[in-house]
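Coordinate inspection notes
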Amino acid sequence: MATLRDVANRAGVSIGSVSAVINRTAPVSATLRQRVLAAIEELGYAPDGVARSLKTGRTRTIGLVIPDITNPLFAALAAAIERACDAVGYALVLCATADDPEKELRDLRLMRTQRADGLILVLSGVEPGNAEAIRRLVTMPAVLVDRTLQGLPDFDSVTVDNRAAARLAVEHMIGCGHRRIGIVTGRPGISISTERFEGYREALAAAGVPFVEDLAACGDFHIETAMQATAVLLRRRPRPTAIFSTSNLTTIGVMRAIAERGLRCPKDVSVAGIDDFEWSTAFSPRLTAVVQPVQAIGERAVECLLARLAGPPPAEPVRDVFAPQLVIRDSCRVIG
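Let me sum up the structure you'll find in this document. Being a predicted model, the structure only gives us computed values, none of them experimental.

A few words now on the sheet that holds strand 1 (residues 61-66). Across the sheet, six strands lie side by side as 2-1-3-4-5-11; this open sheet has parallel pairing. The sheet is open, and its two edges are formed by strand 2 (91-96) and strand 11 (319-322), each paired on a single side. Each strand of the sheet is rotated relative to its neighbour by a mean of 15°, with strand direction disregarded. Summarising the sheet, strand 1 and strand 3 (residues 118-121) pair through four bridges and their orientation is parallel. In the strand pairing of strand 3, Val65 is matched with Leu121.

Our next topic: the packing of helix 1 (residues 4-11) against helix 2 (residues 15-23). Where helix 1 contacts helix 2, the two axes come as close as 8 Å, and the packing angle between them is 105°. It follows from the interaxial angle that helix 1 and helix 2 lie roughly perpendicular. Two secondary-structure elements touch here, helix 1 through Leu4, Arg5, Val7 and Ala8 and helix 2 through Ile15, Val18 and Ile22. Each residue belonging to the contact of helix 1 with helix 2 can be placed in one class, and the counts come to six nonpolar, no polar and one charged.

Between its terminal C-alpha atoms helix 6 (residues 101-113) stretches 18 Å, which fits the 18 Å expected from 13 residues at 1.5 Å a residue. Buried within helix 6 are the following residues: Pro101, Glu104, Leu105, Asp107, Leu108 and Met111. For helix 6, the angular spread of the buried residues around the axis is 160°, confining them to a single face. Residues of helix 6 that are exposed and angled more than 90 degrees away from the buried face: Glu102 and Thr113.

Scoring rules and cut-offs
Residues numbered from 1 in each chain as written. Predicted model: local features only at pLDDT ≥ 70, side-chain atom pairs only at ≥ 80, totals over all residues. Heavy atoms only, no water. Pairing = 2+ DSSP bridges. Helix = DSSP H or I, 4+ residues; strand = E, 2+ residues; numbered from the N terminus. Axes fitted to C-alpha atoms, helices over the stretch in contact; angles between N-to-C directions. Parallel < 35°, antiparallel > 145°, perpendicular 65-115°, else oblique. Contact = heavy atoms within 4.5 Å. Nonpolar A, V, L, I, M, F, W, Y, C, P; charged D, E, K, R; others polar. Expected span 1.5 Å × (residues − 1). Buried < 20%, exposed > 50% of the residue type's maximum accessible area, 1.4 Å probe, protein only. Arc of directions from axis to C-beta.

Structure below.
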């Protein structure tokens, strides 16, 4: 079996240079890098990850815990994080919890067993006492993304401004002349659900539009539940002229429920939501959405985590909040 020294001899460089290429711990010239990679290929050299981790105390792996890999937002986030990890020589280990707090804790135990160097977490955050259990399990550096969790104030976080995101969508609807605007909310107890609902109410209040409790229904961030919640809103009399959706899967449920009742968007009901996805323009009508800078959020989360791993840690937890952007398409009509 080829060794690090064999690679160095074949490439005509020092062992330190080979290590710098493999571990990306120091800058090397493109020519030197190519010579080392060619030698690795010729010799079939494979680094001994177990031995290296025992020696350095690092596995060069980062764990990512998300609720649902089939959700376009989290799929895009995972892809962005993986690219950022790969660029600095880290492997990504992924767990999807289905927003189940018990599975979430099992996945965190697994990450601890696998000795991940650090974690990027999208937590369920709904069970009493869950924060304390998470704190006991997460003994390595960790960054919260998308959601924050009460009880973990010392964790770094990288999020979008959820209140501003909701205000952008609702203000656009109000600007189109809508006053009876329904909302399909997210899962109770999750920070983004609360923040987006608050942003909705803030936009109404700023425009002098009264909040009507009957125009709020819980969609739980799932398609089927959002369909049921939308059906409830569409039975109200008078019916809302517009519906604000608080996530991408929620928007799918809203649009399905409108179609199933024989109504048309935006002729009968306008729709705007938070989170975009690649095929949103394939909808008819094309969907108006508030977009999160997912690539930038993923890259920043990795950057924060690597800063913690490099040490010394920042004096205060990082609180990075990205601005959302409204993309206006065809799903909101102007009414008189």
